[in-house]
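Survey of secondary and tertiary structure
One-letter residues, chain by chain:
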Amino acid sequence: VHHLWRSTQINPNSPENWGNFGIALRQKGDLQSAAEAQRKAISLAPKCGTGLFNLGNVLLEMNELHLALESMNEAERLGVPPQKLLLVQKNQAAIYEALQCKACDQPLARLSCSRCESVFYCDTQCQKKVKAKHKKACKKMENRPTLYPSIMAPWKILLYDQSGTCELQNED
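In terms of helices and strands, the protein chain carries eight helices and four strands. Counting helices and strands in the order they occur from the N terminus, the protein chain gives α-α-α-α-α-α-β-β-α-α-β-β. A sequence separation of at least 24 residues applies to 46% of the contacts in the protein chain between residues at least 6 apart. A total accessible area of about 9600 Å² is found for the protein chain, and carbon and sulfur atoms account for 51% of it.

Time to look at unusual backbone geometry. Even without being a glycine, N63 presents a positive backbone phi close to 65 degrees. Residue placement: N63 occurs in the loop between α4 (49-61) and α5 (65-78). We classify N63 as partly exposed; its relative accessible area is 22%. You will see that D105, though not glycine, has its phi angle at about 70 degrees, which is positive. Relative to the helices and strands, D105 resides in the loop between α6 (82-98) and β1 (111-112).

In protein structure, a disulfide is the covalent linkage between the sulfur atoms of two cysteines. Evaluated as defined, the whole model comprises zero disulfides. Cysteine C126 remains unbridged, with the sulfur of C101 as its closest cysteine sulfur at 3.7 Å.

This part is about the nonpolar core. By size, the foremost hydrophobic cluster in this structure holds 35 residues, and its most contacted members are L60, L65, M72, I95, L99 and Y121. Elements with a contribution of two residues or more to this core: α2 (15-28), α3 (31-44), α4, α5, α6 and β2 (120-121).

For S14, the position within the fold is in the loop between α1 (2-10) and α2. Assessed through its relative accessible area of 5%, S14 is described here as buried. Here E16 takes part through its side chain, which lies 3.1 Å from a polar atom of the side chain of S14.

In this section: the confidence of the model for the protein chain. Of the residues in the protein chain, 80% have a pLDDT of 70 or more, and the chain-wide mean is 80. Confidence drops under a pLDDT of 50 for residues 145-172, and excluding neighbours within four residues, the segment shows 69 contacts in the predicted structure.

Definitions and limits used
- Residues numbered from 1 in each chain as written.
- Predicted model: local features only at pLDDT ≥ 70, side-chain atom pairs only at ≥ 80, totals over all residues.
- Heavy atoms only, no water.
- Helix = DSSP H or I, 4+ residues; strand = E, 2+ residues; numbered from the N terminus.
- Contact = heavy atoms within 4.5 Å.
- Areas by Shrake-Rupley, 256 points an atom, 1.4 Å probe, with all protein chains shown as cover.
- Buried < 20%, exposed > 50% of the residue type's maximum accessible area, 1.4 Å probe, protein only.
- Disulfide = S-S within 2.5 Å.
- Core = buried A, V, L, I, M, F, W, Y, C linked by side-chain atoms within 4.5 Å.
- Polar contact = N/O pair within 3.5 Å; in protein donor to acceptor, adjacent residues only side chain to side chain.
- pLDDT = per-residue confidence, 0-100.

Following this line, the structure appears as structure tokens:
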């Protein structure tokens, strides 16, 4: 991480340096700093879908599903390499599914369980409809480190190379 940070200091206008620094921070578990680094990369290359995809992955781990979905949607709109598009679309589908109201199946519910923050509802009426059923599972979900770790393949990320193209890399 230190070497990647140094690269951002040597060349602070390089979106590649900031994107790779953000990826390294994500691997270390510093999600807030990773999101900031990815946002810096996006500010330097606002038309690169890869930066938005990487930011979306960080936001997923931060349990910021609505923001992650916005980032993934924008990544798809701007374009990512064709072989990477499937990863974006899988993430989008999983987020839409996660944000579906668990009582009435309406999409993009905004109210989450205040205890586990893993289940979404349209409103308090929907939440009350399934409260007894959810209460049993809620305690089990409460201690999960991320909402849906299977949404993204955590070992796969998009890295910038110096030519500005995107390459799929392993985090191992």
